[in-house]
Number of protein chains: 2
Amino acid sequence: MQAYQIQMADTKRTHVQTKLKMETTTIHVSTSISMDLYPKFPKEDGVLVVCNGENGVSAAHQFSDHHHHLLSDSTDSADHDHDHDLKHPRIPGWFAEHCPIWPGQAHFLKVEKILFQGSSKYQSMMVFQSSAYGKVFVLDGALQLTEKDECSYQEMMTHLPLCSIPNPNKVLLIGGGDGGILREISRHSSVEQIDICEIDSMLVDVYKRFFPDIAVGYDDPRVSLHVTDGIAFLECSNAVGNYDAIIVDAFDPIRHDHELFETSFLELVAKALIPGGVLCIQAESIWFGSLDIGMLVTKCRQIFRGSVEYAWTIVPAYPSGVIGFLLCSTEGPPVNFKIPINAIDPNESYGVAKTPLKFYNSEVHSASFCLPSFAKKIMIDSQLINGRTMNGVGTTTTTMSFSSLHDK
Amino acid sequence: MQAYQIQMADTKRTHVQTKLKMETTTIHVSTSISMDLYPKFPKEDGVLVVCNGENGVSAAHQFSDHHHHLLSDSTDSADHDHDHDLKHPRIPGWFAEHCPIWPGQAHFLKVEKILFQGSSKYQSMMVFQSSAYGKVFVLDGALQLTEKDECSYQEMMTHLPLCSIPNPNKVLLIGGGDGGILREISRHSSVEQIDICEIDSMLVDVYKRFFPDIAVGYDDPRVSLHVTDGIAFLECSNAVGNYDAIIVDAFDPIRHDHELFETSFLELVAKALIPGGVLCIQAESIWFGSLDIGMLVTKCRQIFRGSVEYAWTIVPAYPSGVIGFLLCSTEGPPVNFKIPINAIDPNESYGVAKTPLKFYNSEVHSASFCLPSFAKKIMIDSQLINGRTMNGVGTTTTTMSFSSLHDK
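Computed from a predicted structure; not experimentally measured.

Student: Help me get a handle on the packing of aromatic side chains, residues and values and all.
Tutor: This structure, assessed with the given rule, holds 22 aromatic pairs over all chains. The interplanar angle of 50° and the centroid separation of 6.3 Å between the aromatic rings of A:Phe374 and B:Phe359 together place this pair among those described as tilted. Of the two residues, A:Phe374 sits in helix α11 (residues 373-390) while B:Phe359 sits in the loop between β13 (322-330) and α10 (362-367), which places them in two different chains. According to the relative accessible area criterion, A:Phe374 is buried, its value standing at 0%. A relative accessible area of 1% places B:Phe359 in the buried class.

Dropping the structure here:
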């Protein structure tokens, strides 16, 4: 029996906070990719044990002879009497995702087989076959995507910005190392250049090995992979007015004080966009109050000086089943995000994608901007306050969060 | 210490299958309600234990002195080595909802305090205070609603049909004993008569006691509560062409062979509606394949002979975070469900509701009919097949389900 233990990489958050200018490595997809980043690549059919460490991973399974190796669970069972305020429940054979910003709930997925575990110098990764959602990718203990519902996230995050502008030409993706957004960008024949900044090349390799239908995005010859931090890339490249669209698919920007929502980063993005260029960035579930979306909208209106809108889509494997996006355009030709002027022709070439769109269509595009009344109120409030700001009355921002109407 | 054990009522499913004509009891809301239906009403501050029985309830908690009484869990801990294919995982102090039609996943809610447990002659009920969703009502082990997100379900289920027709006058609600849909109907000043068929008067009483903001719907003097089965009510009342709208909020119509989707029931409903009258009935998540929505749409088009549409909304406490509705209109003045011609004026009286709408608005109304491509395809297919049927080519129905595009 071999036991693989996840080494926690404390550098996960650190690497995106490193603002030092650094040399960027550009790997074109034809380049062969080094395999020596796999220090702990397990045999796929081996006996695997996942430790319940700080990363919240709670799956444990052995597949060869149906015995269990429940490292922490066997310990826990003796402690049941002290578990009544257990914050992170665990069940052998199941993966648990706890929502740190909405405690008191957890979503469990049954693990059929653990396919991979390992750590890069940045983060830990796990791939498992679930019984309900196909293969699942876990990053530092947090569910990143599942085969079952990745279509919704990837298609909406890509086509909401790209279908809102005429003939996107150059696109930058920050994060999104899985390749699914690349696959979706690939459907746009007007695009000539696709840059992706993904700091962790091991993540790319793991996706290529276990999720070929997602990582297929790298097969598009227009793609250049830059193995570097996105902030450093923007600072180094001095790409003023270069991109028609920038998509930021980074890990867990769940708080409005996250560095990806800092003025300095957003200004870098705005500077790198052409006039009338667009940004799409993940912006949490409308059911959560952790992200002060009103404040963010106000801030983005000041920085981008074009349109700023909030949209959302459904992803059942994510906490609350919903995820949001913030869409911003820079000063220039006006962008109405709610009307897809650059619709995808379903009969057109799929690019490198093997199948037609599963989720996105023009009606869903427009519908995704329709907000429930409790969320709409926040947007209206922020618009009013922004209006006042623009008129020089003040710089007050709303502190109301989406959850405030629900708090009892 | 007192221990309350839920008695399983096997009659739950039976009562709706009983098609015998029966005398109906009409209780006007001014009537005092008998309390003798509470055979096991616990002290609210007592020490409560929930047994892990067949009903799937897995919460266990003691509140007076922070000791635990984990009936089945203490047994389970010894069995950990045999649990690797555990279908219904349990954690002390947490309520688990397993989705029977999408196995391999479970949503857990932390229990702060169990407020009520008991059984009527039809079903078991539990009310608990959760830490994440406010108070939660559980029926036969299945989560029915939470204070946090009930607004979405109740508002959409009510206003989708009522805002699609001009001046609704008489409305029938089948099920929905909690009172939330009554509260929403109450916002419509054109309505003069609201009949509700709820077979279980204990359920009504429990909601009145623990969820006053929901059961407030019963305070509307236009409401008549008929303590009877909805099918029997329709058969007895011979209410031909009586109702402008019928809303069916029944327990778990998750399979297309459920009796609520049987031709005989749908024909009863169609008969009870005026020409151009509308039905709204719960119709599962678009992420699930258990309900053959294509077949249902085809069937409803044949029975109702007006418009038939599928809409959906988000409810994070429900499996997959989404729930769907089937909307049908009878032959007569045409109904376009996608355009709310009878919009609610937010400045109008709330009826008996204490607060303005939290979720519903006219934009969300129209957006709820925009389907992801995988679901849209089903609707298009069923429409084509229905078209063929209407032209006498055949009676074939599509067997494609929403999940088929996702199955790997």
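Student: Got a sec to walk through helix α5 (residues 201-210) of chain A? Specific residues and values, please.
Tutor: Residue and element names in this part refer to chain A. Among the 10 residues that make up α5, 8 are buried, leaving the element largely enclosed by the rest of the structure. Residues Ser 201, Met 202, Leu 203, Val 204, Asp 205, Val 206, Tyr 207 and Phe 210 constitute the buried set of α5. Considering only its buried residues, α5 is in contact with β3 (105-119), β4 (124-130), β5 (135-139), β6 (142-146), α6 (212-215) and β9 (223-227). Backbone nitrogen of Met 202 and a side-chain oxygen of the N-cap are separated by 3.2 Å at the start of α5; the cap is Asp 200.

Student: Please set out the UniProt feature "active site" (unreviewed entry) in chain A residue by residue, giving values where relevant.
Tutor: Residues and elements named next belong to chain A. UniProt tags Asp 249 as "active site" (unreviewed entry). With respect to the secondary-structure elements, Asp 249 resides in strand β10 (residues 243-249). For Asp 249, a relative accessible area of 11% gives the class buried. Every residue in contact with Asp 249, bar those within four places of it in the chain, is listed here: Tyr 153, Met 157, Leu 173, Ile 174, Gly 175, Gly 176, Asp 178, Ile 181 and Gln 282. Of the polar contacts made by the side chain of Asp 249, one reaches the side chain of Tyr 153; its length is 2.5 Å.

Student: Requested: an account of the packing of helix α7 (residues 230-237) of chain B against helix α8 (residues 263-272) of chain B, with residues and values cited.
Tutor: Residues and elements named next belong to chain B. Where α7 meets α8, the axes come as close as 10 Å, and the angle between the chain directions of the two elements is 50°. Between α7 and α8, the crossing angle belongs to the class labelled oblique. Considering only the axes of α7 and α8, their crossing is left-handed. Contact residues: α7 offers Ile 231, Leu 234 and Glu 235, while α8 offers Phe 265, Leu 268, Val 269 and Ala 272. A per-class count over the contact of α7 with α8 returns 6 nonpolar, no polar and 1 charged.

The rules behind each value
- In every chain, residue numbers begin from 1 and rise along the written sequence.
- Going through the entries in the order they are written, you letter the chains from A and number the ligands from 1.
- Two thresholds apply to this predicted model, a pLDDT of at least 70 for residue-level local features and 80 or more for giving and counting side-chain atom pairs, whereas whole-chain, interface and lining totals are computed over all residues.
- Each side-chain value is worked out from all heavy atoms of the structure, with water and hydrogens disregarded.
- Two rings from Phe, Tyr or Trp (for Trp, the six-membered ring) form a pair when their centres are within 6.5 Å of each other. A pair whose planes differ by under 30 degrees is stacked, one over 60 is edge-to-face, and the rest are tilted.
- Counting from the N terminus, the helices are the DSSP runs of H or I reaching at least four residues and the strands are the DSSP runs of E reaching at least two.
- Only protein chains enter the calculation, and the probe is 1.4 Å; a residue is then buried if its accessible area is under 20% of its type maximum, exposed if over 50%, and partly exposed in between.
- Whether two residues touch is decided by their heavy atoms; if any such pair falls within 4.5 Å, the residues are in contact.
- Distance and chemistry together define a polar contact, namely a pair of N or O atoms within 3.5 Å, with one atom able to donate a hydrogen and the other to accept it when in protein, and with adjacent residues in sequence counting only for side-chain atoms on both sides.
- UniProt positions are given in the numbering used here, feature names are shortened, and annotations may be inferred rather than shown by experiment.
- Inter-axis angles, ranging from 0 to 180 degrees, are taken between N-to-C directions of lines fitted to C-alpha atoms, where helices are fitted over the stretch in contact.
- Here roughly perpendicular refers to angles of 65 to 115 degrees, roughly parallel to angles under 35, roughly antiparallel to angles over 145, and oblique to all remaining angles.
- Less than a right angle of anticlockwise turn of the near helix away from the far helix marks a crossing as left-handed, whereas a clockwise turn marks it as right-handed.
- For this classification, the nonpolar set comprises Ala, Val, Leu, Ile, Met, Phe, Trp, Tyr, Cys and Pro, the charged set comprises Asp, Glu, Lys and Arg, and every other residue, Gly included, is treated as polar.

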